[in-house]
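# Analysis of the macromolecular model
Listed below are the residues making up each chain.
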Amino acid sequence: MTSKEALYHYVLKMGDSSLIMGHRLSEWTAHGPVLEHDIALTNIALDYIGQARMLLTYAGELEGKGRSEDDLAYWRDAAQYRNSLLCELPNGDFGQTVVKMFLFDAFQVELHEALSQSPDEQLKAIAIKSLKESKYHLRYSRDWVLRLGDGTEESKIRIANGLEAVWMYFGDLFAPSEGESVLVSDGIVPETASLRKRVEETLRKTFEEATMAVPDFDAVMQEGSQRGIHTEYLSYILSEMQSVTRMHPGATW
Amino acid sequence: MSHVKEGAHGILWEVFIQSKPGIPHKHAGNVHAHDAEQALTNARDVYTRRMEGVSIWVIPANLVTASAGEDSDAFFDPAEDKVYRHPTFYTVPEGVKYL
């Protein structure tokens, strides 16, 4: 596999993850617990989708078959999607949503930080732009983990249940995309083990500060996203997201 | 602020946004939040999404002392006939610069 093909798979994983994360989070729009957080969650969802647009456009260029961001988003089925499993999970309650965001954002900050040094100019530029957003996202979701984890009787139970529901999908964030080892040895993308260590450190510190039980980092985790094996939730989200495009192909307004 | 009843969504905070460095912060509206830190992030999300500002102040709404409506005659009407308090009241001699 050439370096360019490997980079296509890598960028596709990032783009799909941001797209599905954003689309899932947008389900909160107009359903937020209070106006302030309705707007905050919608803002963050839009940030994720903005990142997805840059990444999928770049993936299309790398692939070299003339596919646009829209072609990639709307004309692939679940088995062709490469988003991390965590992103497609249902929102659950607010506690589950913010703890899922927290795991993703902690990962994103480290990833974008590392890719800000990448010799691949385009990936580097996207990472630098995204890092500012990711840092804010992490600040938001981490803050809620602390508040709920160290909050009332009920909030403690909810955030703990939320974490338990999503924890087995944490490991899949680090599942290598097809040909990723080529990119690692070329120094284009960071090495997984060191990335994971830094993310786990953020998690450990935060859960301790939130007086929550630190989950087992060595637990057996679900995986499969990089082979197109997803949870049952992805095809539902895709069928909703893609329905209009597929009913009216090529429609404009 | 023990005299303020904290609701499920926190207390009310007044939000002031500075649109450019060097100019005064202007009142933008208010948000609910449980503490100052959260009030800042809420204000950021609600009021600065379209590049409205470079700096935010948040102040617990109960700490703002406002003039009462019934005082408005006594407060503001006496200024009505004091046009000489406006700089435009005076004719500026020709040749005066930087005014």
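As shown above, the structure is provided for reference.
Residues numbered from 1 in each chain as written. Chains lettered and ligands numbered in written order. Predicted model: local features only at pLDDT ≥ 70, side-chain atom pairs only at ≥ 80, totals over all residues. Heavy atoms only, no water.

## A few points about the sheet that holds strand E3 (residues 55-60) of chain B
Residues and elements named next belong to chain B. Taken in spatial order, the 3 strands of this open sheet run E2-E1-E3, and their pairing is antiparallel. Looking at strand neighbours, the two that pair on one side only are strand E2 (26-33) and E3, the edges of this open sheet. Strand after strand, the sheet turns through a mean of 30° between neighbouring axes, direction not considered. In this structure, strand E1 (residues 11-18) lies alongside E3, joined through 6 bridges in antiparallel fashion. Its bridge partner lying in E3, Phe 16 is registered against Trp 57. Across the sheet, helix H1 (residues 36-47) lies against E1, E2 and E3, angled at about 120° from E2, the strand it touches most. (Pairing = 2+ DSSP bridges. Helix = DSSP H or I, 4+ residues; strand = E, 2+ residues; numbered from the N terminus. Axes fitted to C-alpha atoms, helices over the stretch in contact; angles between N-to-C directions. Contact = heavy atoms within 4.5 Å.)

## Considering the interface of chain A and chain B
Many authors give the size of an interface as the accessible area that is lost as the parts come together. Chain A puts 13 residues into the contact, and the matching count from chain B is 13 residues. Broken down residue by residue, the surface that chain A buries against chain B is led by A:Glu36, A:Tyr136 and A:Arg147, which jointly contribute 46%. Salt-bridge contacts for A:Arg139 lead to B:Glu37; the nearest nitrogen and oxygen are separated by 2.8 Å. Connecting chain A to chain B are 6 residue pairs in polar contact (both at pLDDT 80 or more). The element contributing the most residues to the side of chain A that touches chain B is helix H2 (residues 35-63) of chain A, with 6 residues. The residue makeup of the side of chain A that touches chain B, split by class, is 8 nonpolar, 2 polar and 3 charged. (Buried area = accessible area lost by both parts, 1.4 Å probe. Salt bridge = Lys/Arg side-chain N within 4 Å of Asp/Glu carboxyl O. Polar contact = N/O pair within 3.5 Å; in protein donor to acceptor, adjacent residues only side chain to side chain. Nonpolar A, V, L, I, M, F, W, Y, C, P; charged D, E, K, R; others polar.)

## As for the environment of A:Asn161
Along the chain, A:Asn161 falls in helix H7 (residues 153-167). Here the alpha-carbon distance between A:Asn161 and A:Gly95, two residues 66 residues apart in the chain, equals 8.3 Å.

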